[in-house]
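# An overview of the molecular structure
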Amino acid sequence: MIGCSALVIVVAGLVMTALVQVWPLRRLRFLLDSFAILPEWRFFAQASTLGADDLARDTHLIVRDRDAAGRIGGWQPVLSDATRCWHHAIWNPQARVTIVILTLGEDLARVCRQGMVAEIQQSLRYLMVLRCALEAPHDRGVRNRQFAIVHTTGRQARTIGVDFVSAWHRW
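Residues numbered from 1 in each chain as written. Predicted model: local features only at pLDDT ≥ 70, side-chain atom pairs only at ≥ 80, totals over all residues. Heavy atoms only, no water.

## What about the environment of Leu61?
Within the secondary structure, Leu61 is located in strand S1 (residues 58–67). In sequence terms Leu61 and Val129 are 68 residues apart; their C-alpha atoms lie 8.5 Å from each other. Residues in contact with Leu61, not counting those within four places in the same chain, are Gln76, Pro77, Val78, Leu79, Ile101, Leu102, Val129, Cys132, Phe147, Ala148 and Ile149. (Helix = DSSP H or I, 4+ residues; strand = E, 2+ residues; numbered from the N terminus. Contact = heavy atoms within 4.5 Å.)

## Overview of the packing of aromatic side chains
Applying the stated rule across the entire model yields three aromatic pairs. Geometrically, the ring pair formed by Tyr126 and Phe147 is tilted, given 5.4 Å between the ring centres and 50° between the ring planes. Placement of the pair is Tyr126 in helix H6 (residues 124–134) and Phe147 in strand S3 (residues 142–153), with a sequence separation of 21 residues. Each member of the pair, Tyr126 as well as Phe147, carries the same accessibility label: buried. Taking the centre distance of 6.0 Å and the plane angle of 40° together, the rings of Phe147 and Phe164 count as tilted. Residue Phe147 is located in strand S3, and its partner Phe164 is located in strand S4 (residues 159–165); the two are separated by 17 residues in the primary sequence. Across the pair, exposure class does not vary: Phe147 and Phe164 are buried alike. Connected via pairs of aromatic rings, a cluster forms that spans Tyr126, Phe147 and Phe164. (Phe/Tyr/Trp six-rings, centres within 6.5 Å; stacked < 30°, edge-to-face > 60°. Buried < 20%, exposed > 50% of the residue type's maximum accessible area, 1.4 Å probe, protein only.)

## Topic: the pairing of S1
As defined by bridge partners, S1 adjoins S3 across 10 bridges and the pair is classed as antiparallel. The partner of His60 across the bridge, within S3, is Val150. In the sheet, S1 pairs with strand S2 (residues 76–77) via two bridges, with the strands oriented antiparallel. If you follow Val63 over to S2, its bridge partner there is Gln76. (Pairing = 2+ DSSP bridges.)

## Considerations on the environment of Arg140
Along the chain, Arg140 falls in the loop between H6 and S3. The class of Arg140 is exposed, set by a relative accessible area of 85%. Sequence separation of Arg140 and Asp67 is 73 residues, and the distance between their C-alpha atoms is 8.6 Å.

## With respect to the packing of helix H4 (residues 93–113) against H6
Put simply, H4 and H6 touch, their axes get as near as 9 Å, and they point 130° apart. Our classification of the angle between H4 and H6 gives oblique. Of the two elements, H4 crosses H6, and the hand of that crossing is left-handed. Of the residues in H6, those in contact with Ile101, Leu104, Gly105, Asp107, Leu108 and Val111 of H4 are Arg125, Tyr126, Met128, Val129 and Cys132. (Axes fitted to C-alpha atoms, helices over the stretch in contact; angles between N-to-C directions. Parallel < 35°, antiparallel > 145°, perpendicular 65-115°, else oblique. Left-handed = near helix turned anticlockwise from the far one by under 90°.)

In structure tokens form, the structure reads like this:
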């Protein structure tokens, strides 16, 4: 009995959701659904997203190394997209780690913009991003490493913005 009731409620919800998408009923949605329970699906943007650069904003973690002679290498991405297999569309546990590290990096940039620079290096988010940066592959003879959080915006011509740059760290 409870199973049938649940099935009727689910089917009724799906039917009502489909009906809300029909153009003439869309105007009456607010009268029929005062609690805004039923979603209104929009599969196409109202304006072109090619010009909306803020929709194409990606965050990156990059590192550079300094050897014993004091030579500084170029910036290298840490969390680059490795070769993906077909099953990563369904199950990719590494993607969750990448998202957490990049979210922590964005938090670092936000805290830095607020002027709390002195407290940043003692925070857990800084230490986690630093650990990820230090675990990235490096050449022999490298003594120090620095990481940065940068973002790229745009779809065609990507512009780069620096959000946060760390101090140099030793192994």
